[in-house]
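Here are the chains, one letter per residue:
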Amino acid sequence: CLTLLTVGYVVFRMVMGNFLILGVMEILTGLCVSPLFATGNLIVKDIVPARSLTEGLSWVTTAGSVGTSFGSTIAGAVLDASSPHMSMMIPWIVTLCAVPLALLGWFLARKRRTHVPAVERDDAEARRRAVNNRLGIRPALVQARAGLST
C-alpha cells in the first residue's frame, strides 16, 4: 500500500494541470492511507506486550499526527520559496523514503514474532479464551460473528 501511495503522489505531480484527473487520483491515493494506519496498529498489537498496548497504539497515532504536521509545514515552506510543482514533489519523495523504513520494521516485527517464546504465545491465547468464556462467547459464536461459520 505504501508503494501505491508513492505512485499516486508521482501521478499527482504529472497531472497537476488536469483537475479532473488530479481529483480522481487524490481519491484513489487516499484509499491507501487508512489501510496503512490499520496495518501499523496491527503490527503494534502483535509486537507490544499486552500491558503496554495502549501506549504503543498512542505512539502510532502520535507519529501520524506529527508526520502530518511536519509535512504540511515543509510543503508550505517549499511552496512559498518555489512553485506548486516543487511542493508536490515532497509527498512522493518522503513516501518513497518511508518504504525502506517500513521494510525494516516488517523484518524486525517478523524477527520479534518468531522469537516470542511459545509459553508467552500460549498465554496470550489462553487469556483470550478466558475472556471469551467470561463473556459467554463460545468458539462457534466467535466464528459466526466473524462470518466464518457455514
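None of the values given here were measured: they were computed from a predicted structure.

(A) Quick peek at a nonpolar patch on the surface. Together, L101, L103, L104, W106, F107 and L108 line one region of the surface with nonpolar side chains, adding up to about 660 Å² of accessible area. Looking at the element boundaries, F107 is found in helix α6 (residues 89–115). Judged by its relative accessible area of 47%, F107 falls in the partly exposed class.

(B) Structural view of the confidence of the model for the chain. The pLDDT averaged across the chain works out to 77; a share of 78% of its residues lies at or above 70. Mean pLDDT per element in the chain: helix α8 (residues 139–145) is the minimum at 55, and helix α4 (residues 53–81) is the maximum at 88.

(C) Structural detail: the packing of helix α1 (residues 2–14) against helix α2 (residues 19–30). Two elements in contact, α1 and α2, have axes separated by 9 Å at closest approach and are oriented at 165°. It follows from the interaxial angle that α1 and α2 lie roughly antiparallel. As α1 runs across α2, the sense of the crossing is left-handed. Facing L5, G8, Y9, V11 and F12 of α1, the residues of α2 in contact are L22, M25, E26 and T29. Residues that form the contact of α1 with α2 fall into these classes: six nonpolar, two polar and one charged.

(D) Region of interest: the environment of A109. If you trace the backbone, A109 turns up in helix α6. Ignoring sequence-local partners within four residues, the contact set of A109 consists of I43 and I47.

(E) Fine view of the nonpolar core. Counting 11 residues, the largest nonpolar core is built from L2, L5, Y9, V11, F12, V15, M16, L22, M25, C32 and M88. Mapped by element, the contributors of at least two residues to this core are α1 and α2. When residues of this core are assigned to their parent elements, the largest contribution, five residues, is made by α1. Here V15 is in contact with I21 and L22, once residues within four sequence places are set aside.

(F) Spatial organisation of the packing of helix α3 (residues 33–47) against α4. Packing of α3 against α4 leaves a shortest axis separation of 9 Å and a crossing angle of 150°. As far as their axial angle goes, α4 and α3 are roughly antiparallel. In this structure, α3 crosses over α4, and the sense of that crossing is right-handed. Contacts from F37, G40, N41, V44 and K45 of α3 reach α4 at L53, G56, L57, V60 and G64. Considering only residue class, the contact of α3 with α4 consists of five nonpolar, four polar and one charged.

Cut-offs and rules
Residues numbered from 1 in each chain as written. Predicted model: local features only at pLDDT ≥ 70, side-chain atom pairs only at ≥ 80, totals over all residues. Heavy atoms only, no water. Patch = residues over 30% accessible without salt bridge, like charges linked within 9 Å, V, L, I, M, F, W, Y side chains within 5 Å. Areas by Shrake-Rupley, 256 points an atom, 1.4 Å probe, with all protein chains shown as cover. Salt bridge = Lys/Arg side-chain N within 4 Å of Asp/Glu carboxyl O. Helix = DSSP H or I, 4+ residues; strand = E, 2+ residues; numbered from the N terminus. Buried < 20%, exposed > 50% of the residue type's maximum accessible area, 1.4 Å probe, protein only. pLDDT = per-residue confidence, 0-100. Axes fitted to C-alpha atoms, helices over the stretch in contact; angles between N-to-C directions. Parallel < 35°, antiparallel > 145°, perpendicular 65-115°, else oblique. Left-handed = near helix turned anticlockwise from the far one by under 90°. Contact = heavy atoms within 4.5 Å. Nonpolar A, V, L, I, M, F, W, Y, C, P; charged D, E, K, R; others polar. Core = buried A, V, L, I, M, F, W, Y, C linked by side-chain atoms within 4.5 Å.

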